[in-house]
Amino acid sequence: RLRDLMRPHASPQALSHELSAISNELSQPYRKKRKVYTNLLKKALLGLRRLEVDHLLLTGDLAHCGMSAEFLEMKAILSITGWWGPRRLTVIPGNHDVYTEDAAQSRAFERHFAEYVAAPGDDAARDTLRARGRAAYPVRRVIDGRVAVYILCSALPTVALTAWGRVGRAQRDRLRALRRTEPAGVESRLLLVHHNLHTRGARKDATSGLRDRLAVSRVADQIGADAILHGHDHHPYAGHVDRNNRR
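Residues numbered from 1 in each chain as written. Predicted model: local features only at pLDDT ≥ 70, side-chain atom pairs only at ≥ 80, totals over all residues. Heavy atoms only, no water.

Once that is clear, we can look at the environment of Leu89. Tracing the chain through its elements places Leu89 in strand E3 (residues 89–91). Between the alpha carbons of Leu89 and Glu115 there is a distance of 9.7 Å; along the sequence they are 26 residues apart. Discounting chain neighbours no more than four positions away, the residues touching Leu89 are His55, Leu56, Leu58, Leu78, Trp83, Trp84, Tyr116 and Arg141. (Helix = DSSP H or I, 4+ residues; strand = E, 2+ residues; numbered from the N terminus. Contact = heavy atoms within 4.5 Å.)

Here it is, written out as structure tokens:
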């Protein structure tokens, strides 16, 4: 049984992000909402344990502002609810995890969660993620020898009030190559990427969409992905990728 959770949450560009992050962190309404959200998240995670879910997939935004304190808080929540362990948990980065230029360049997300992105026991992949960050994706994990989970990174720090993402040609090419080395015994494949592949209207697509969503849709088809799991969009969504890549 698998379960995914969507969004659990000195250049002018970097400065605008730092100011936004600080204002968010100091905002009393934000802090109150975060406390409520944290309690709801704990209850949800405990509920999934009672449902005997075997593996949890977190599709990004483990933090709100990409701060280490937020990552440590999320690690504590996952630990006390019984999900902390690389064979029970898979995580991928979201745009809030690289909210500032500093968070992206310091690879804060990978420093905290690399062993939950890399395959369990793959120390080389874990260390590469910590050293190279975004340049180390895509990554493959195989759950119970039967389910291959391919992880892309669409998260980028962007100008304030925007949250668009991009996977890029290099990752897509590496994904095709990685698929060719898939171990025997795999019965199904999941592709994990933070940004949604469906359109949400011209304005939202421009400011917070996945810039190469059609190319990602094509490569998902090429590797034989049975499903694509994403985060980012704050509303539940289930749909089918158009094989003709028209939407």
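Here the focus is helix H9 (residues 213–222). Restricting attention to buried positions, one finds in H9 the residues Arg213, Ala215, Val216, Ser217, Val219 and Ala220. Looking at the buried side of H9, the elements it contacts are helix H7 (169–179), strand E6 (188–192) and strand E7 (227–229). Gly224, located one to two residues past H9, shows a positive phi value of around 75 degrees. (Buried < 20%, exposed > 50% of the residue type's maximum accessible area, 1.4 Å probe, protein only.)

Attention shifts here to the confidence of the model for the protein. Here the protein averages 87 in pLDDT, while 83% of its residues score no lower than 70. By mean pLDDT, helix H1 (residues 12–26) is the weakest element of the protein at 48, and H7 is the strongest at 98. (pLDDT = per-residue confidence, 0-100.)

Turning our attention to the side chain of His194. Note that His194 resides in the loop between E6 and helix H8 (202–208). Judged by its relative accessible area of 0%, His194 falls in the buried class. One polar contact links His194 to His232, side chain to side chain, over a distance of 3.3 Å. (Polar contact = N/O pair within 3.5 Å; in protein donor to acceptor, adjacent residues only side chain to side chain.)

Here we come to the pattern of salt bridges. A complete count under the given rule lists seven salt bridges for this structure. One salt bridge in this structure joins Glu182 and Arg179, with 3.7 Å as the shortest N-O distance. Residue Arg179 is classed as partly exposed on the basis of its relative accessible area of 24%. Ionic pairing is found between Arg200 and Asp233, a salt bridge with its closest N-O pair at 3.3 Å. Of this pair, Arg200 sits in the loop between E6 and H8 while Asp233 sits in the segment after E7, and the two are 33 residues apart along the sequence. On the basis of relative accessibility, which here comes to 5%, the residue Asp233 falls in the buried class. Each of Asp123, Arg126 and Asp127 takes part in one network of salt bridges that share partners. (Salt bridge = Lys/Arg side-chain N within 4 Å of Asp/Glu carboxyl O.)

A few words on the packing of aromatic side chains. By the definition in use, this model includes five aromatic pairs. Seen in terms of ring centroids, Trp84 and Phe113 are 6.0 Å apart; in terms of plane orientation they differ by 75 degrees. Their pairing is edge-to-face. Here the residue Trp84 occupies a position in the loop between helix H3 (68–80) and E3, and Phe113 occupies one in helix H5 (residues 108–113), the gap between them amounting to 29 residues. Ring geometry for Trp84 against Tyr116: centres 4.2 Å apart, planes inclined by 35 degrees, an arrangement best described as tilted. With Trp84 in the loop between H3 and E3 and Tyr116 in the loop between H5 and helix H6 (123–132), the pair connects residues that are 32 residues apart, well separated along the chain. For Trp84, a relative accessible area of 30% corresponds to the partly exposed category. Residue classification places Tyr116 among the buried positions, given a relative accessible area of 2%. Cluster of aromatic residues (ring-pair linked, three or more members): Phe71, Trp84, Phe109, Phe113 and Tyr116. Against the face of Trp83 rests Arg49, its NZ or CZ located 5.8 Å from the ring centre. Above the ring of Trp164, the side-chain terminus of Arg211 is found at 4.0 Å from the ring centroid. (Phe/Tyr/Trp six-rings, centres within 6.5 Å; stacked < 30°, edge-to-face > 60°. Lys NZ or Arg CZ within 6 Å of the ring centre and 35° of its normal.)

All right, on to the sheet that holds E6 then. One open sheet accounts for four strands, arranged E4-E5-E6-E7; its pairing is mixed. A single partner strand is all that each edge strand has here, and the edge strands are strand E4 (139–143) and E7. Going from strand to strand, the sheet's axes swing by 25 degrees on average, the running direction of each strand aside. For strand E5 (residues 147–151) and E6, the ladder comprises five bridges, and the chain directions are parallel. Bridge pairing in E6 links Val147 to Ser188. (Pairing = 2+ DSSP bridges. Axes fitted to C-alpha atoms, helices over the stretch in contact; angles between N-to-C directions.)

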